[in-house]
Amino acid sequence: MKRSTSLKRVHSAAKPFDIIIIGGGASGLGAAVDAAARGYSVALFEQSDFAKGTSSRSTKLVHGGVRYLQQGNISLVLEALRERGRLTQNAPHLVHSQTFVIPNYSWWEGPFYGIGMKVYDQLAGKLGLEPSRHLSRAETIDAIPTLEQEHLIGGVIYHDGQFDDSRLAVNLAQTAEAHGAAMLNYCRCVGFFKEDGTIRGVEIHDLENDTRFTVQAKAVINATGVYVDELRRIDNPDTPPIIAVSQGIHIVLPKRFLPGDAAMMIPKTADGRVLFAVPWHDHVVVGTTDTPLDSKSIEPRALQEERDFLMTHACKYLTKDPCDSDVLSVFAGLRPLVQSGDSSDTAALSREHSILVSSSGLITLTGGKWTTYRKMAEDVIDQAQTLAKLPALDCPTATMPIHGSTDRTPSHKHLEPYGADASNIEALIEDRPELAEKLHPELPYQQAEVLWHVRNEMARTVEDVLARRTRALFLNARASIEAAPVVAEILAEELKRDALWQKAQIAEYTELAKGYVFTNAASVGAERSEGESPSS
């Protein structure tokens, strides 16, 4: 996947594209894969990097949604579980079954959650994972040795999916490109080209080359996540907003805080959300919060009260209380929730996706979640097909492998997310043994990976590599800052950049990564009183 190839496809197009997609997150990438796989001509433009926003900042779960089951939203859970099964089959290198334990601290929790998880199993049908079951107190402790044991009665074990979100995003971009789509990052949509009031194309600013051009299309899809309203207002300044923004944050801890293979799930916290502590890349991800916001940023930051909330709950449910210095990274993501009724309660707003068509023909896809990205894409391309009077072509993605799909295990565990591409990285190291050197002693990533990212995954900046091609920023923010100079040097050589570019890249990345360093003023763990337990 090369940026120059996609630019050539766009500039040499002799006729309008069938479909143009604005936005390179889960929704937009899924739509590009669906449309290109059907045989339509497709171009996708992303103003930053693929999955720069919400789509790289999830809880790393492919799940039906236990909370939605509690709310009685059976249709949403059923759809998500079906898509979870498909994604497990289509991207086995990235999606796998993860064991979860719901600890029980009250007598009613065992039968209540036990029955609920049995319903969860049944809804998954043939695409289900392993069955849920009750655990004794001893079995629960055996599964999660670091779980708070005071007042613990037992637990319920169940299985859901886990994945690497931004790695999946990169693979989706590669899949779409392999089917003929032009996939471009660092290209911002700054306007629409219209004829007789109908959108016939987009005006693009190529931020990397600082050039502007117009691309014509039969249908244009707005898949810009929390920014869909901004694009809708470019189309029509009088358009009322449809998105309520909610922020969720996660903290990342060393593996010793959850040393086993099982994850912990708390069905209901003080803010009404589900709390997870999940093993991920030999670390532990703890989240998430749900905080309504009046503003949004392409680089959101965790609020102090959100940090306090997660640290308090981590201390409440783990025997060893994490302190500030234990937190390796803290990251925030914004959810685009479709407004309905009182938008102040974001935990109650719909996670289901919505498709809207403006009077000028702009198709907006919003809402939803990573798990259902494929179904969202199918629905929006069906809509575009009808609106633009395109040839009726069936969606093939339900059983279509995603780029990298393989069951092969690479020689090094950290190469597993590359799937079938891992052998190509191994070949680079075999040809140039010095590329086996790590980017940093506390990170698993090798220099050969950076070479692969820039040559085949359209990485353009240090951030692209350390935040989304690898997950260094999310696993250890300080270590990633120290790795930045090595990455900048490799990128500069491949992209033909000078020393000033390298220096600027290191400075920009350092400033960004400082926002991921946990800097609470005081340890929240100290607030926990003697003898307090999760049932208090």
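Up top you'll find the structure we're talking about.
Residues numbered from 1 in each chain as written. Predicted model: local features only at pLDDT ≥ 70, side-chain atom pairs only at ≥ 80, totals over all residues. Heavy atoms only, no water.

(A) Expanded view of the pairing of strand 1 (residues 17-22). The element strand 1 is largely enclosed, with a buried count of six among its six residues. In this sheet, strand 10 (residues 211-222) lies alongside strand 1 in parallel orientation, the contact comprising five bridges. Each residue of the ladder has a partner; that of F17, found in strand 10, is A217. Inspection of the sheet shows strand 1 paired to strand 2 (residues 42-45) by four bridges, in the parallel sense. Paired with I20 across the bridge in strand 2 is A43. (Buried < 20%, exposed > 50% of the residue type's maximum accessible area, 1.4 Å probe, protein only. Helix = DSSP H or I, 4+ residues; strand = E, 2+ residues; numbered from the N terminus. Pairing = 2+ DSSP bridges.)

(B) Spatial organisation of the packing of helix 13 (residues 462-469) against helix 15 (residues 477-495). Packing of helix 13 against helix 15 brings their axes to within 8 Å, and their N-to-C directions diverge by 125 degrees. As far as their axial angle goes, helix 15 and helix 13 are oblique. Remark: the crossing between helix 13 and helix 15 carries right-handed chirality. Judged by residue contacts, V462, V465 and L466 of helix 13 engage S480, A483, A484, V487, A488 and L491 from helix 15. Residues of the contact of helix 13 with helix 15, tallied by class, amount to eight nonpolar, one polar and no charged. (Axes fitted to C-alpha atoms, helices over the stretch in contact; angles between N-to-C directions. Parallel < 35°, antiparallel > 145°, perpendicular 65-115°, else oblique. Left-handed = near helix turned anticlockwise from the far one by under 90°. Contact = heavy atoms within 4.5 Å. Nonpolar A, V, L, I, M, F, W, Y, C, P; charged D, E, K, R; others polar.)

(C) The arrangement of unusual backbone geometry in detail. For the bond running from G287 to T288, omega is 10 degrees, close enough to zero to count as cis. Look at K60: it is not a glycine, yet its phi comes out positive at around 65 degrees. One can find K60 in the loop between strand 2 and strand 3 (61-62). The residue D196 is not glycine, and still its phi comes out positive at about 55 degrees. Looking at the element boundaries, D196 is found in the loop between strand 8 (187-195) and strand 9 (198-206). The exposed category is assigned to D196, whose relative accessible area is 83%.

(D) Representation of the environment of R200. By secondary structure assignment, the location of R200 is in strand 9. Overall, the relative accessible area of 34% leaves R200 in the partly exposed class. C-alpha separation for the pair R200 and V220, spaced 20 residues apart in sequence, amounts to 7.9 Å. Apart from residues lying up to four places away in sequence, R200 is in contact with F193, K194, E195, V215, Q216 and A217.

(E) Here's a closer look at the pattern of salt bridges. Inspection of the entire model under this criterion finds 34 salt bridges. With a shortest N-O distance of 2.8 Å, R471 and D165 are connected by a salt bridge. Remark: D165 occurs in helix 7 (residues 165-178) and R471 occurs in the loop between helix 13 and helix 14 (472-475); sequence separation between them is 306 residues. Here the two residues R471 and D165 agree in accessibility, since each one is buried. Residues R460 and E208 are paired through a salt bridge, measuring 2.7 Å at the closest nitrogen-oxygen approach. (Salt bridge = Lys/Arg side-chain N within 4 Å of Asp/Glu carboxyl O.)

(F) Structural detail: the environment of E511. Tracing the backbone shows E511 in helix 16 (residues 499-514). Classification of E511 as exposed rests on a relative accessible area of 52%. Separated by 30 residues in sequence, E511 and I481 place their C-alpha atoms 9.0 Å apart.

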